[in-house]
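For reference, the chains in residue letters:
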Amino acid sequence: MGKGGQNYGRSENLDSGKEPKGDCYAAWSRDTRECEEKYQVNREYGLSGDDVEKRRQIYGLNELEKHEGPSIFRLILDQFNDTLVRILLVAAVVSFVLAWYDGEEGGEMEITAFVEPLVIFLILIVNAIVGVWQENNAEKALDALKEIQSEHATVIREGRKISNLPAKELVPGDIVELRVGDKVPADMRLLSLISSTLRVEQGSLTGESEAVSKTTKAVAEDVDIQGKKCMLFAGTTVVNGNCICLVTQTGMNTEIGKVHSQIHEAAQSEDDTPLKKKLNEFGEVLTAIIGVICTLVWLINVKYFLSWEYVDGWPRNFKFSFEKCTYYFEIAVALAVAAIPEGLPAVITTCLALGTRKMAAKNALVRRLPSVETLGCTTVICSDKTGTLTTNQMAVAKLVAMGSEANVLRSFNVQGTSYDPFDGKIQNWPVGQLDPNLQMIAKIAAICNDADVEKAGQDKSGHYVANGMPTEAALKVLVEKMGLPNELSSGPSSGYDGVLTCSYTWNKIEQRIATLEFDRDRKSMGVIVNSSTGKNSLLGAVETLLERSSFVQLRDGSITKLDQSLRKVILESLHEMSTSALRVLGFAYKDDLPEFATYNGDEDHPAHELLLNPANYSSIESNLVFVGLAGLRNSRIRVMVITGDNKNTAEAICRDIGVFGRHENISSRSLTGKEFMELSSRDKETHLNQSGGLLFSRAEPRHKQDIVRLLKDSGEVVAMTGDGVNDAPALKLADIGIAMGIAGTEVAKEASDMVLADDNFSTIVAAVGEGRSIYNNMKAFISKDWVPVNLEHGIAFDDQFVWMTFYEYMISSNIGEVASIFLTAALGIPEGLIPVQLLWVNLVTDGPPATALGFNPPDKDIMKKPPRRSDDSLISPWILFRYLVIGSYVGIATVGIFIIWYTRSSFLGIDLSGDGHSLVTYSQLANWGQCQTWQNFTASPFTAGNQVITFDNPCDYFQTGKIKAMTLSLSVLVAIEMFNSLNALSEDGSLLSMPPWVNPWLLLAMSVSFGLHFLILYVPFLAQIFGIVPLSLNEWLLVLAVAFPVILIDEVLKFVGRCTSGIRTSSARRSSKTKAE
């Protein structure tokens, strides 16, 4: 705005033509006449023209400031303010200079030499365009905030009513008349009511869920914004009544102006995403690594271009070959260029874009691509809108049933993390062959249950959502995964079109006639059912049920007494699940209910009196028959509710949706915003570090911002949901802001990173799961590229978010490439791979599998795992060890097949002598540079496809004659990368449990990559460019024989990893705890 914003906070006196600014004058705590005197105005007459002009000089126009954003040029430069991007830029320049030098020399690489730098430049340009587009939209929240301001007002000045005065011309002291439907143009003190009542919708600013009644009576000076009943705030709407008001604050001094300032402040202090932080850290390490690699590779080969003789103990007669020096410098630089992930920005963008499409299908609309990654490590969800919350999804992770004899338990692991009955299955489950014990568990879980599960959306095409308690909904999903016994599979569920077919069937067979409601003393819920067999039974699902059980039902349905030894076995199982962060529920029933033998729900029945008094429930639920346990787990994300609603309303809603237990003591978990802000810094930290849910009611915008800031400072990755103007600053400040798509204001949507199309909290949890899956897929892709000749894709992502599949693919491949170059230099053999071949593999052959790995299905237990910390490395020491082993094998295989062709006529029973090439000893190969001094050395011509390779000079056998050996090395490299992409399907899962066809896109991508390789092999023009020749069938058999073991090696490493995962996990937890402390 102009001057009003510049002068904000200065205290002045109206007697000198100036008046108090900011919050210096608490008009809400003063009588109306006192306010008129303070602002030197009469409600009947209003301000004079001179008064208006004087005050406008002080306060400026009644509009929000327009912050000038950075110029397009500045935004473009900012895109290169990234370590990794700068490395890529340097690599492109160096590559271009070398290409130009080769072109000047007229070398063979003249045609393809410029491909590498041009592709890198193109990637950087696209990356910059995307970044500028995203940042250019960053300030739209401020523009949207201006849209909610009123454009006109009805004002009384000099005794005349002026209609449709531009709202920006209002000044403090103006008298304004408001009617139904008017948007309040400034912050105002209510002077008088024209109608009997006045109600204002101000929820978008204060977070209140209903319209608020206004009064002319003054209130206490220290009340929160919701308590200022005599004030009307800019941007809110009159929904009932007419009134006369006095303008007290305009422009940036209004409450909405403060929100504007907070949004701008939050936008200026936005932190980098975990991905960007890790990329910057790794880029710095990568710079050092590249320098060391270039220097070492060049120095290892220094003997080939610099030699000397020792005379009297001192080096003399130096001989230097500039041509060979330049050649080896090109090799070193080519390796460094290959170590840089030129394709990484494009692959990251592609995978993020694919992730946004998947999330959109789940009603989560992502507005900024990096938010996809941030979702994967979200640890706290702060929600402001209690009215739209449906708490965290829960899922049964383990089912414990009774065995065939006492003291024997059966345990079943349950896959899946959502309310989708088809999300995972029960491992080692007897499908259709449920024994009586399992049938009883299913029956209890289905009938002693008030929850329901359905598909979201009008066309029922969305994700699965729960209605009712999350724990009960999880049990209903368990029943569906358990299935029905074969004799019931075509029974009473016919004609039912809902999701819970099995639960419907059990409820038809055993009809509920009474419910024993849950209470905090019994900690149980029971139902009395009218069985199809004609007898009444009691079913219960409880956490402390074992102590009220006297018997146990075994696998065959027989009943045995619950003795101390059996009780101990069950308690040990319960303890094991509890220490695994599972919430444990028990199942029991009772057939012997004589008082309910003839009860059918009739209120006149004598037994009905027993049900009216909850004190009788404990005696009814005694001498139970225990049947099993279930362990439930949620997505392990903490939920905090920060709302403008009053404390009692918010607490009731939080109990209903499961943030708190129905009868849980929440005195230490529920505070008002004001109470929290009055705590000391240490007490605030202690309060926020409590496990479980928290509630902050009557929260103002600044309270929300402070809470989010404190959580971020303590290392949490915070997602903030909101729909109102008051939520916008916190949405902007949070690691990921999530706005409501239906009820949300445009201000909240523009300040957010993601919009929920269905306003359903469970959509966030589904999106978090998708974010974790995307993280894993990208991690695997990166690591794959670290295997053989692809340092280019691998070094770059040692610690980054996108991610697991992407990461494995990249890192292991590049380690192999580095190993190959080092082995070649260390052994002194001719170069087996030239720069143009490395670049072809990096930029073309690796592309399809890398992208396809982004389609990997998520791990079954993706949401059972705790969120990753934002400072967690992508790879653990064990995973890095695996990559080093795989990469070393790739280097050995690539160099080894080169040596095999020169020194062996056959290998593994495969005849290699068919082309007629000459064999040499390993010593000769390692000292090929001394060939000119060898006596009687000859090299026979050999065939390669239709070509015959001949030599004028026998020593050319190690230069032009190495073309077949180079082709074998390149083919092994490509084949190993393709096989290694299969290893990247899962970080630690065997190919036996996650076979290649779970990702058909990967199989297609492998075919494309092999097809591209065949293309350059068998098209003569391309073969000449890349310095390779066609291979025979036997030579292809050798390539596959050398490449395939990479799968077997990684399977062994994965097996060892699975066997030692518990030890490594506990060690990592101790390390994280030490780091946190």
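Residues numbered from 1 in each chain as written. Predicted model: local features only at pLDDT ≥ 70, side-chain atom pairs only at ≥ 80, totals over all residues. Heavy atoms only, no water.

**Some remarks on the overall build of the protein**
Along the protein, the regular secondary structure elements total 38 helices and 34 strands. For the protein, the accessible area works out to roughly 44500 Å², and carbon and sulfur atoms hold 54% of it. (Helix = DSSP H or I, 4+ residues; strand = E, 2+ residues; numbered from the N terminus. Areas by Shrake-Rupley, 256 points an atom, 1.4 Å probe, with all protein chains shown as cover.)

**A word on the sheet that holds strand β27 (residues 694-697)**
If you trace the eight strands from one edge of the open sheet to the other, you get β12-β30-β29-β28-β13-β25-β27-β26, paired in mixed fashion. Two strands close off the open sheet at either side, each with one partner strand: β12 (364-366) and β26 (670-672). Across the sheet, the mean angle separating the axes of adjacent strands is 20° when strand polarity is ignored. In this structure, strand β13 (residues 380-383) lies alongside strand β28 (residues 718-722), joined through four bridges in parallel fashion. Residue pairing in the sheet places Ile381 in a bridge with Ala719 of β28. Where helix α23 (residues 701-713) meets the sheet, its contacts fall on β13, β25 (638-642), β27 and β28, and the angle it forms with β28 comes to roughly 160°. (Pairing = 2+ DSSP bridges. Axes fitted to C-alpha atoms, helices over the stretch in contact; angles between N-to-C directions. Contact = heavy atoms within 4.5 Å.)

**Things to note about the nonpolar core**
In a soluble, globular protein the nonpolar side chains are often hidden away together inside. Judged by nonpolar contacts, the single largest core of 76 residues is most densely connected at Tyr902, Leu925, Tyr957, Phe958, Ile976 and Val1039. Of all the secondary-structure elements, those providing two or more residues to this core are α29 (835-845), α31 (877-903), β33 (942-944), α33 (963-983), α34 (1000-1018), α35 (1020-1026), α36 (1033-1043) and α37 (1045-1059). Apart from the residues within four sequence positions on either side, Tyr902 is in contact with Ser918, Leu919, Val920, Leu925, Tyr957, Phe958, Gly961, Lys962 and Ala965. Counting residues in each nonpolar core, the second largest holds 53 residues, with Ile225, Leu694, Leu711 and Ala748 among its members. (Core = buried A, V, L, I, M, F, W, Y, C linked by side-chain atoms within 4.5 Å. Buried < 20%, exposed > 50% of the residue type's maximum accessible area, 1.4 Å probe, protein only.)

**Overview of the state of the cysteines**
Note on terminology: disulfide describes a covalent bond linking the sulfur atoms of two cysteines. Counted according to the given criterion, the structure contains one disulfide. In this model, Cys931 is linked to Cys955 through a disulfide, with the two sulfur atoms separated by 2.0 Å. Because the sign of the S-S torsion sets the handedness, a value of about -90° for the bond joining Cys931 and Cys955 places this disulfide among the left-handed ones. Taken as a pair, Cys931 in the loop between α32 (922-926) and β33 and Cys955 in the loop between β34 (947-949) and α33 lie far apart in primary sequence, 24 residues in all. The same class applies to Cys931 as to Cys955, namely buried. Not engaged in a disulfide, the cysteine Cys35 finds its nearest cysteine sulfur in Cys230; these two sulfurs lie 7.6 Å apart. Given a relative accessible area of 0%, Cys35 falls into the buried group. (Disulfide = S-S within 2.5 Å.)

**Quick word on the packing of α33 against α37**
Contact geometry of α33 with α37 gives a least axis separation of 9 Å together with a crossing angle of 25°. Compared by their axis directions, α33 and α37 come out roughly parallel. For the crossing formed where α33 meets α37, the hand is right-handed. Together, Ile976, Phe979, Asn980, Leu982 and Asn983 of α33 and Val1046, Ile1047, Asp1050 and Lys1054 of α37 make up the contact between the two elements. Split into classes, the residues belonging to the contact of α33 with α37 amount to five nonpolar, two polar and two charged. (Parallel < 35°, antiparallel > 145°, perpendicular 65-115°, else oblique. Left-handed = near helix turned anticlockwise from the far one by under 90°. Nonpolar A, V, L, I, M, F, W, Y, C, P; charged D, E, K, R; others polar.)

**A word on a nonpolar patch on the surface**
Together, Leu89, Val93 and Val97 make up an exposed nonpolar region whose accessible area comes to about 220 Å². Looking at the element boundaries, Val97 is found in helix α5 (residues 83-105). (Patch = residues over 30% accessible without salt bridge, like charges linked within 9 Å, V, L, I, M, F, W, Y side chains within 5 Å. Salt bridge = Lys/Arg side-chain N within 4 Å of Asp/Glu carboxyl O.)

**Focus: the sheet that holds strand β5 (residues 199-201)**
Ordered in space as β6-β5-β8, the three strands form an open sheet in which the pairing is antiparallel. Of all strands in the sheet, those bounded by a partner on one side alone are β6 (212-213) and β8 (237-240). Sheet topology note: the β5/β8 ladder contains three bridges and is antiparallel. Bridge assignment links Arg199 to a residue of β8, and that residue is Asn240.

**A word on the environment of Leu409**
Structurally, Leu409 is set in strand β15 (residues 409-413). Along the sequence, Leu409 and Gly628 sit 219 residues apart, while their C-alpha atoms lie 8.8 Å from each other. Apart from the residues within four sequence positions on either side, Leu409 is in contact with Val400, Ala401, Met402, Gly403, Val569, Ile570 and Ser573.

**What about the UniProt feature "transmembrane region" (unreviewed entry) in the protein?**
Mapped onto this numbering, the UniProt entry annotates "transmembrane region" (unreviewed entry) at residues 83-101, 113-133, 285-306, 326-354, 879-902, 966-985, 997-1019 and 1025-1048. With 90% helix and 0% strand, the stretch residues 966-985 has end C-alpha atoms that lie 30 Å from each other. What you have in residues 1025-1048 is 71% helix and 0% strand, and the ends, taken at the C-alpha atoms, are 34 Å apart. (UniProt positions renumbered as here; feature names shortened; annotations may be inferred.)

**What about the pairing of strand β9 (residues 243-249)?**
With seven of seven residues buried, β9 lies mostly within the body of the structure. Relative to β9, strand β3 (residues 175-178) runs antiparallel, the two sharing four bridges. By the bridge assignment, Ile175 is partnered in β9 with Leu246. Inspection of the sheet shows strand β4 (residues 187-193) paired to β9 by six bridges, in the antiparallel sense.

**Considering the pattern of salt bridges**
One pass over the structure, following the stated rule, counts 24 salt bridges. The partner of Lys443 in a salt bridge is Glu510, and the shortest N-O contact between them spans 3.3 Å. Here Lys443 is found in helix α14 (residues 436-447), whereas its partner Glu510 is found in strand β18 (residues 510-519), with 67 residues between them in sequence. Relative accessible area serves as the criterion here: at 16%, Lys443 is assigned to the buried category. In this structure, Arg548 engages Glu621 in a salt bridge whose closest nitrogen and oxygen atoms are separated by 2.8 Å. Pair noted here: Arg548 is in the loop between β20 (536-542) and β21 (549-553) and Glu621 is in the loop between α19 (617-620) and β24 (624-634), with a separation of 73 residues, a long-range link. Each of the two residues, Arg548 as well as Glu621, counts as buried. Connected through shared salt-bridge partners, Arg30, Glu34 and Glu221 make up one network.

**Side note on helix α17 (residues 564-578)**
Residue pairs three or four apart in sequence face the same way in an α-helix, which turns once every 3.6 residues. Spanning 15 residues, α17 covers 20 Å between terminal C-alpha atoms, matching the ideal 21 Å at 1.5 Å per step. Buried residues of α17: Leu566, Arg567, Ile570, Ser573 and Met577, and no others. When α17 is viewed along its axis, its buried side chains cluster within an angular range of 125° and face the same direction. Seen from the buried face of α17, the exposed residues on the opposite side, beyond 90 degrees, are Gln564, Lys568 and His575. (Expected span 1.5 Å × (residues − 1). Arc of directions from axis to C-beta.)

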